[in-house]
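Descriptive analysis of the structure
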Amino acid sequence: MFADCADPKSLEGLVWFLCYLTTGKQVLFYWSFLTVLTLMAITAPIALGFGFGGALATRSHIAPLRWLGMGYTSMVRGVPDIVFFLFVPVALDQGLEWIRHKTLCPDWTEPVRQGADFVVCAAAKLPLSSSPQSVHQVYGFVLAVVAFSIVFGAFAANVLAGAMQAVPHAQLETAEAYGMSRRQVSRRILIPQMWVYALPGLSNLWMILIKATPLLFLLGVSDIVYWARELGARKSQIYDFPHPDWRLWYFLVLLVFYLAMTRVSEVVLRRVTRRLTRGQATMAGEAMRKAGA
Amino acid sequence: MSCGQIILDYGLRSIGIGAQLLPRGEFSLCHQFTLIGSGLIWNIYFAVLALATGFFAATGLALAKSARARWLRKPAEWFIFLFRGSPLFIQFFLAYEMLVLLPRGGFDIFGMTVATSWLTKAWAGALIVLFLNTAAYSAEIFYGALMAVPKGDIEAADAYGMTGWKKFRWVIWPTMLRLAWPSYTNEAIFLFHATTLVFFSGFPSFQQKGDALYYAKFFADKTFNPFVPYPIAAFYFVLLTLSLIGLFGWVNRRLNRHLPGARPRLRIRPQIIR
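Report follows, based on the coordinates.

The rules behind these values
Residues numbered from 1 in each chain as written. Chains lettered and ligands numbered in written order. Predicted model: local features only at pLDDT ≥ 70, side-chain atom pairs only at ≥ 80, totals over all residues. Heavy atoms only, no water. Helix = DSSP H or I, 4+ residues; strand = E, 2+ residues; numbered from the N terminus. Buried < 20%, exposed > 50% of the residue type's maximum accessible area, 1.4 Å probe, protein only. Contact = heavy atoms within 4.5 Å. Areas by Shrake-Rupley, 256 points an atom, 1.4 Å probe, with all protein chains shown as cover. Lys, Arg positive; Asp, Glu negative; His and termini not counted. Charge placed at Lys NZ, Arg CZ, Asp CG, Glu CD. Salt bridge = Lys/Arg side-chain N within 4 Å of Asp/Glu carboxyl O. Axes fitted to C-alpha atoms, helices over the stretch in contact; angles between N-to-C directions. Parallel < 35°, antiparallel > 145°, perpendicular 65-115°, else oblique. Left-handed = near helix turned anticlockwise from the far one by under 90°. Nonpolar A, V, L, I, M, F, W, Y, C, P; charged D, E, K, R; others polar. Buried area = accessible area lost by both parts, 1.4 Å probe. Polar contact = N/O pair within 3.5 Å; in protein donor to acceptor, adjacent residues only side chain to side chain. Phe/Tyr/Trp six-rings, centres within 6.5 Å; stacked < 30°, edge-to-face > 60°. Lys NZ or Arg CZ within 6 Å of the ring centre and 35° of its normal. Expected span 1.5 Å × (residues − 1).

The helix and strand tally for chain B stands at nine helices and two strands. Sequence-ordered secondary structure for chain B, helices as α and strands as β, is α-α-α-α-β-β-α-α-α-α-α. Principal axes of the C-alpha set define a box for chain B whose edges measure 75 × 55 × 30 Å. Across the 274 residues of chain B, 50% fall into the buried class. Across chain B, the fraction of contacts at a sequence separation of at least 24, relative to all contacts at a separation of at least 6, is 73%. When the accessible surface of chain B is summed, it comes to about 13,400 Å², and 65% of that surface belongs to carbon and sulfur atoms. If you average the places of the 26 positive and of the 12 negative side-chain charges in chain B, the two averages end up 7 Å apart.

For the coordinates displayed, the defined rule picks out nine salt bridges over all chains. Between K167(B) and D158(B) there is a salt bridge whose closest N-O contact spans 3.1 Å. Here D221(B) makes a salt bridge to K217(B), at a shortest N to O gap of 3.3 Å. One end of the pair, D221(B), and the other, K217(B), are both in helix 8 (residues 212-223), four residues apart, so they sit about a helical turn from each other. Look at the salt bridges and you will find they share partners, linking D245(A), R247(A) and E97(B) into a network.

For the rest of this paragraph, the subject is the packing of helix 2 (residues 29-65) of chain B against helix 9 (residues 229-255) of chain B. Residues and elements named next belong to chain B. Put simply, helix 2 and helix 9 touch, their axes get as near as 10 Å, and they point 45° apart. The angle between helix 2 and helix 9 falls in the class oblique. The way helix 2 lies across helix 9 gives a crossing that is right-handed. Two secondary-structure elements touch here, helix 2 through Q32, F33, I36, G37, L40, N43 and I44 and helix 9 through P229, I232, A233, F235, Y236, F237 and L240. Per-class residue counts for the contact of helix 2 with helix 9 are 11 nonpolar, three polar and no charged.

Turning next to the interface of chain A and chain B. A common way to state how big an interface is: give the accessible area lost once the parts meet. Taken residue by residue, the interface counts 42 residues in chain A and 38 residues in chain B. Carbon and sulfur atoms supply 78% of the area that chain A and chain B bury against each other, a total of about 3,800 Å² over both sides. Together, L86(A), K211(A) and L248(A) form the three largest contributors to the area buried by chain A at its contact with chain B, with a combined 16%. At the junction of chain A and chain B, the tally comes to one salt bridge.

A word on the side chain of H193(B). Residue and element names in this part refer to chain B. Inspection of the secondary structure assignment puts H193 in helix 7 (residues 164-194). Using a relative accessible area of 1% as the deciding quantity, one classes H193 as buried. Reaching out from H193, the side chain makes a polar contact with the side chain of T241 at a distance of 3.2 Å.

To describe a pair of aromatic rings, you give the distance between the ring centres and the angle between the ring planes. The final tally for this structure, using the stated rule, is 50 aromatic pairs over all chains. Both rings, one in F92(B) and one in F203(B), keep their centres 6.1 Å apart while their planes meet at 90°; by these two values the pair is edge-to-face. Taken together, the residues F92(B) in helix 4 (residues 88-101) and F203(B) in the loop between helix 7 and helix 8 connect sequence positions 111 residues apart. Across the pair, exposure class does not vary: F92(B) and F203(B) are buried alike. One aromatic cluster in this structure is built from F55(B), F56(B), F142(B), W173(B), W181(B), Y184(B) and F248(B). Its guanidinium or amino end placed over the ring of F81(B), R263(A) lies 5.6 Å from that ring's centre, counting from NZ or CZ. We note R169(B) situated over the ring of W170(B); from NZ or CZ to the ring centre the distance is 4.3 Å.

This part covers helix 8 of chain B. Because an α-helix packs 3.6 residues into every turn, residues spaced three or four apart end up facing the same way. Helix length check: helix 8 of chain B (12 residues) gives 17 Å between terminal C-alpha atoms against 16 Å at 1.5 Å per residue, within 8%. In terms of burial, helix 8 of chain B is largely enclosed, as nine of its 12 residues are buried. Those residues of helix 8 of chain B not exposed but buried are A212(B), L213(B), Y214(B), Y215(B), A216(B), F218(B), F219(B), A220(B) and T223(B). Buried-residue contacts for helix 8 of chain B involve helix 4 (81-104) of chain A together with helix 2 and helix 9 of chain B.

The phi dihedral of F224(B) falls on the positive side, at around 55°, and the residue is not glycine. A relative accessible area of 37% places F224(B) in the partly exposed class.

Note that all results are geometric; they support no functional claim without further evidence.
What follows is the structure in structure tokens.
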């Protein structure tokens, strides 16, 4: 990056270190923080949507839909989430390839599963083997986002279903007495009121999402854990910047990053809670009213 | 090979008893059920020991956090923040890198050599991390319960002339446990689920001895079919989670047995990743 860094073997001390911190690989490490933040930014709304759908489904009057919602919300209770993180991307990948295989190569007669192999025709491969490396990376990232969204959607569905039950029942009955239909009750009374009840659970969920992001590494995405291991490993003299095993320091940086994320989220979420509690018919809302008066 | 033979060969494979090599070429349903079930030994080992030791550390930490003395309160608060604010995955990596830095040959203290190499093994190193982690999470739960102990209980204990240890042992502690138990049940379940992370983090599995998920991934990679091994692992975990809930429910009933009327039921709320 700097002209002085052209010959790293001749550098010493602080200059060496500055040059080391600005090598191409290091910059990739810095960018990978953005990958993690992007994942959180994309996953959170999608998971919330999934959760919303799941929570509404558990209250549905149509039995199969209700069972689906119940199954989805209870899916994460007994099984470690890591199982889903390992399962969903592979299952999704194979499912998509299988569908493409059936539609794109209808005259292929051999079975897709041959012993320990999963064989689809070349045109059905996802992504196509001819596509550039970046497409493969994006595809892997998208699979990760879907896996995260499904798992966190199930968590969110739990929280939101609980929040919907927490809305005082008398209010819903009053709305019905005014002649509102079920849809109207949901849209005008239930959904606007449930957020304050959902907030503690949802903020908890956000904290959990932050702490789940290192699992991206398990999904094969080049995230911060991947780069910390890669760059921290001992570099012998054949490298431009030889150094002993620095993985401990790299992981300490990650630790500080996560602690900072947690701290900032805590402060922000406390503000949001205050904002949403104002004027609510709950104990906290009442306390705020009295303090203000 | 008959299924009985497979169970003999692989039933205790995860702790190094039985067949030396993992199955090659043939991956029958019996193979998968046996080997994944064998890996479950490690999950149970980690969960039971971490919970049993972490429980006492958590009680101490909760008391320290509620202490008036600054030098006691601040370290407890920082410890809890450190372990609750960072991902367990990173904690595993960090702990492993730290333990690897210890001198290979061990320390020399007064002529005696204290070996350190065992600390880098999963059975010890990962257990320490899980212990510290569950201590921090449970301490926060216990602290909340400690703050919720009814004022009247403590005043009654004072009126009886109870002080110090006696007051804690017979009044504060039982009430704290009773209040904390539903959340503590959740914590136990999630610690149990978190044990699946051990062999995916820094700790290497020695001679392919791993936990249930390690073997499930082994089969998924070998057969390239995730639809069999992961549901098997999920099945085992659901089964064990249910027995855990049963056990903790029994304790919950015992803790609440003096209360008249409806006993608080355990509510299992999901909050898994740490």
